[in-house]
Structures are given as structure tokens and as C-alpha cells.
Amino acid sequence: MRHLTPADAQALLADAPDALFVDCRSEMEYLFVGHPKGAHNVPWNDGPDWEVNPHFVQAVKKLAGHASARPVLLICRSGNRSNAAAQALEGAGFTNVYNVLHGFEGDLDAQRHRNTVNGWRHDGMPWEQY
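A quick note: this is a predicted structure, and the numbers were derived from the prediction, not measured.

Enquirer: Account for the overall build of the protein chain, with residues named and values stated.
Expert: For the protein chain, the helix and strand inventory stands at 4 helices and 9 strands. When the helices and strands of the protein chain are listed from N to C terminus, the series reads β-α-β-α-β-β-β-β-α-β-α-β-β. A globule of 130 residues ought to have a C-alpha radius of gyration of about 14 Å, and the protein chain, at 14 Å, matches this closely. Taken along the three principal axes of its C-alpha coordinates, the protein chain extends 40 × 35 × 25 Å. Within the protein chain, the proportion of its 130 residues that are buried is 42%.

Enquirer: So what about the packing of helix 3 (residues 56–64) against helix 4 (residues 80–91)? Which residues, and what values?
Expert: Remark: helix 3 packs on helix 4, axes separated minimally by 10 Å, with the N-to-C direction vectors making an angle of 75°. The angle between helix 3 and helix 4 falls in the class roughly perpendicular. Along its contact with helix 3, which presents Phe56, Val57 and Val60, the element helix 4 presents Ala85, Ala88 and Leu89. Here the residues of the contact of helix 3 with helix 4 sort into 6 nonpolar, no polar and no charged.

Enquirer: Give me the environment of Ala16: which residues, what numbers.
Expert: Note that Ala16 resides in the loop between helix 1 (6–15) and strand 2 (20–23). Spatially, the C-alpha atoms of Ala16 and Asn83 are 21 Å apart, while their sequence positions differ by 67 residues.

Enquirer: Can you break down the nonpolar core residue by residue, with the values?
Expert: Val22, Phe56, Val60, Val72, Leu74, Leu89 and Phe94 are the most contacted members of the largest nonpolar core, which has 16 residues in total. Listing elements by their share of this core, those giving two or more residues are strand 2, helix 3, strand 7 (72–75) and helix 4. Counting 14 residues, the second-largest nonpolar core is a separate cluster that includes Leu13, Ala16, Val100 and Met125.

Enquirer: Could you give an account of unusual backbone geometry, naming the residues involved and the relevant values?
Expert: Among all residues save glycine, negative phi is the norm, and among peptide bonds the norm is trans. The omega angle of the peptide bond from Gly47 to Pro48 is 5°, so this bond is cis rather than trans. Summarising the element assignment, Pro48 is placed in the loop between strand 5 (45–46) and strand 6 (51–52). Even without glycine at this site, His102 takes up a positive phi of about 70°. Following the sequence through the fold, His102 ends up in the loop between strand 8 (97–100) and strand 9 (127–128). Residue His102 is classed as partly exposed on the basis of its relative accessible area of 26%. In this model, Arg112 sits at a positive phi of 65°, which is unusual for a non-glycine residue. Inspection of the secondary structure puts Arg112 in the loop between strand 8 and strand 9.

Enquirer: Account for the side chain of Glu29, naming residues and giving values.
Expert: Mapped onto the secondary structure, Glu29 falls in helix 2 (residues 27–33). Aside from chain neighbours lying at most four places away, what touches Glu29 is Gly34, Arg77 and Arg81.

Thresholds applied
Residues numbered from 1 in each chain as written. Predicted model: local features only at pLDDT ≥ 70, side-chain atom pairs only at ≥ 80, totals over all residues. Heavy atoms only, no water. Helix = DSSP H or I, 4+ residues; strand = E, 2+ residues; numbered from the N terminus. Rg over C-alpha atoms; globule rule 2.2 N^0.38 Å. Buried < 20%, exposed > 50% of the residue type's maximum accessible area, 1.4 Å probe, protein only. Axes fitted to C-alpha atoms, helices over the stretch in contact; angles between N-to-C directions. Parallel < 35°, antiparallel > 145°, perpendicular 65-115°, else oblique. Contact = heavy atoms within 4.5 Å. Nonpolar A, V, L, I, M, F, W, Y, C, P; charged D, E, K, R; others polar. Core = buried A, V, L, I, M, F, W, Y, C linked by side-chain atoms within 4.5 Å.

Have a look at this one:
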């Protein structure tokens, strides 16, 4: 697994049109907080129990067309879930996996708020909300 800043991830997505971008946050985060443009939502874990999704790897394989060498970029809120998800994909044979550092909302600031220090949205990368 390789780690990329949001800007480097956006550059890779622009340079590799076959890359798969997976937002592994919960469905509610994806829908209501917003998400990177072009990202597919495959939750690593989701409510109400927040257990790891036993179908995560299979869902990503389906999106990737079973091409384990296809670049797969993963993003979550802060980079923790996407790091765990990336490890699971590598364990399943994916060979070109990237974790987006700081995630969509970034690290906490001194007041414990996100979106003020770093992250996809803070860094001005393309995103949408619906």
C-alpha cells in the first residue's frame, strides 16, 4: 500500500483513467457530509453495529472488474478506516492499492473540529454532496 496526499491522489486519478476511487465511509457520511467526485461508496463498516463489512472485498472486486492490478484509491473520514480497508484488499491479492492521507474531513484541530487542518475537502479537491 502506498499513501498519497489528497493532491497526489487527485493527480493519480487524472493520470490513470482506469483507477477505481472508493470512499469506504458509512453510507450516511457519504450522502450527508459529501464525498469526492467520482468516488464509489463501499462502506468498510456501517451502522447500526459498526462491524466490518464482510462483503467489502467482494464489492470492490466487482467494481474493479476482478482486475487486481487496477489502481484502487481508498478514502475515509481521516485515513484510518481506509488504511484498514487497503490492508484487506492487499490480503485479497490487490497489488496497486493507495490510501488517501488525512481522508475526506482531515485531522482534528485544537478545538476537535475537522475540515480546518487538512483533508480532501480542506485541500480544495473536487467533491459533491447530495
